[in-house]
Amino acid sequence: MKKTIVPSDAKVYYQGQYWNDLPEVQEYMCQNFTGDKNKWWTTDFQERFAPSPFQFKRALFLCDGNGWLSREFIDKKIVKQAVSFDWSADLLAEAESKKGKRTIQYFQADANTISFKAGEFDLIVNNAALHHVQYLNRLLYILSNSLQPDGLFVNFDYIGPQRNQYSFWHWRRVFAFNQKLPSKIQHEGLHYPHLPTMLATDPTEAIHSDQILETMSRYFDITEQHDTNGGLAYHLLTHNKKVFALKPSERRSLVKKILSMDQKLSVEYKVPILFSYFIAKPKKQNSVPKHTIKRYLTQENLREKIARLLMGSNTLMGFFVLVAFRLIAILRIKKIVRKFL
Ligand SMILES: C[S@@+](CC[C@H](N)C(=O)[O-])C[C@H]1O[C@@H](n2cnc3c(N)ncnc32)[C@H](O)[C@@H]1O
């Protein structure tokens, strides 16, 4: 059996204060999703693709966590029957306890090894799941076969740099903008995502996020893409205690200033797009040659073999960082041991 990367603890999910907990950010995201600051993507999806009840008969919810989204799709009568899986037994138990009489089937599975019957679903829903998948190519291939030819794949996901390893220029912009903010909103805990800590906390986080769109387009036609940016604002607002402590009247204009700069820098490609809402349809059967599919699968297996040799990193730079931190840790331990001898 293939050894895959799965989360070791679900406690890292649904924690902390994220930028999208702020009403101003919700409006900003809605505007970018749908052109209407009061319309979230799920409402947009329902209005355009499921105007009458139970348009979709059997939908799959990827890595569904505590199950809020499958419950919402059932409650809104977008889908008749939901199939939902996750790796975390704790989150599955929570989802099961909140299910009530809804027609949702939960099960535990690893997205890296899962399989489905051909044409089993007419809808697949991904909310922040694909950026946790190690064997992304394999999964997307499996999903394309599991979807009926006229089925839909709706996504909202993090598509930014792999393992949140932002470029020097990007991070310099974020840091400089933070320095210029009034002190009542300046992020005091702003720090670059530390790769060794990221791997230790959740080795699945953003594992191949930067490859989601490209890999998806091998097996699906992406018919719509609505980027919601975040390259600046996500960093300045997420886990920023000061912002969340401000009175709404004081907060509003300051947050809006950050968001308008986020929009500007994203449009000018000065910071990467971190989040996107996009819709895809499976490519026609046999349109991807068998030998091409085989090549993609082989490439992916090789990539993961190399990553295992590089201590879980997919880049040489990442590997050097991990080695350096391992050495520093060993030297520190030696120093402590010497003190006691
Ligand atoms: C960011 S959360 C999103 C959860 C849910 N989709 C939502 O929107 O609330 C990522 C989820 O992916 C799950 N996950 C991560 N790696 C997985 C894997 N290899 N197989 C199945 N689930 C996985 C986690 O347990 C977690 O519930």
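Keep in mind the model is a prediction, meaning the values are calculated, not measured.

Bringing a nonpolar patch on the surface into the picture now. Judged by side-chain polarity, Ile333, Val337 and Leu341 come together as a nonpolar surface patch covering roughly 350 Å² of accessible area. Within the secondary structure, Ile333 sits in helix α13 (residues 316-340). Take Ile333: its relative accessible area is 53%, and that puts it in the exposed class.

This part takes up the site of the ligand. The environment of the ligand is made up of 20 residues, and the closest members are Tyr14, Cys63, Trp68, Asp86 and Asn127. Taking Asp110, its side chain carries an N or O atom lying 3.0 Å from a nitrogen atom of the ligand. Here Asn127 contributes a side-chain N or O atom positioned 2.7 Å from an oxygen atom of the ligand. Taken by itself the ligand offers 590 Å² of open surface, and the protein chains cover 94% of this. A per-class count over the shell around the ligand returns 12 nonpolar, five polar and three charged.

What follows covers the domain arrangement of the protein chain. Where interface size is quoted, it is often the accessible area lost as the parts come together. As far as domains go, the protein chain holds domain 1 (10-314) and domain 2 (315-341). Taking only C-alpha atoms, the centre of domain 1 and the centre of domain 2 are 34 Å apart. Contacts between the two partners involve 10 residues from domain 1 and, on the opposite side, nine residues from domain 2. Taken together, the two surfaces of domain 1 and domain 2 that pack against each other cover about 790 Å², and 79% of this comes from carbon and sulfur. Broken down residue by residue, the surface that domain 1 buries against domain 2 is led by Pro196, Leu310 and Met311, which jointly contribute 56%. In this structure, the connection of domain 1 to domain 2 is made through zero salt bridges. The interface formed by domain 1 and domain 2 holds two residue pairs in polar contact (both at pLDDT 80 or more) in total. It is helix α7 (residues 195-201) that provides the largest number of residues to the side of domain 1 that touches domain 2, a total of three residues. Grouping the amino acids of the side of domain 1 that touches domain 2 by side-chain chemistry returns six nonpolar, four polar and no charged.

Before going further, it helps to spend a moment on the sheet that holds strand β4 (residues 121-127). Reading across the sheet, the seven strands line up as β3-β2-β1-β4-β5-β7-β6 and stay open at both edges, with mixed pairing between neighbours. The open sheet is flanked by β3 (104-108) and β6 (220-229), the only strands paired with a single partner. With direction set aside, neighbouring strand axes in the sheet form an average angle of 15°. In this sheet, strand β7 (residues 275-282) lies alongside strand β5 (residues 147-158) in antiparallel orientation, the contact comprising six bridges. If you follow Tyr158 over to β7, its bridge partner there is Phe275. Strand contacts of helix α2 (residues 41-49): β1 (56-61), β4, β5, β6 and β7, with the helix running at about 30° to β7, the strand carrying the most contacts.

Reading the values: the criteria
- Residues numbered from 1 in each chain as written.
- Predicted model: local features only at pLDDT ≥ 70, side-chain atom pairs only at ≥ 80, totals over all residues.
- Heavy atoms only, no water.
- Patch = residues over 30% accessible without salt bridge, like charges linked within 9 Å, V, L, I, M, F, W, Y side chains within 5 Å.
- Areas by Shrake-Rupley, 256 points an atom, 1.4 Å probe, with all protein chains shown as cover.
- Salt bridge = Lys/Arg side-chain N within 4 Å of Asp/Glu carboxyl O.
- Helix = DSSP H or I, 4+ residues; strand = E, 2+ residues; numbered from the N terminus.
- Buried < 20%, exposed > 50% of the residue type's maximum accessible area, 1.4 Å probe, protein only.
- Near = heavy atom within 4 Å.
- Polar contact = N/O pair within 3.5 Å; in protein donor to acceptor, adjacent residues only side chain to side chain.
- Nonpolar A, V, L, I, M, F, W, Y, C, P; charged D, E, K, R; others polar.
- Domains from an automatic or database assignment.
- Contact = heavy atoms within 4.5 Å.
- Buried area = accessible area lost by both parts, 1.4 Å probe.
- Pairing = 2+ DSSP bridges.
- Axes fitted to C-alpha atoms, helices over the stretch in contact; angles between N-to-C directions.

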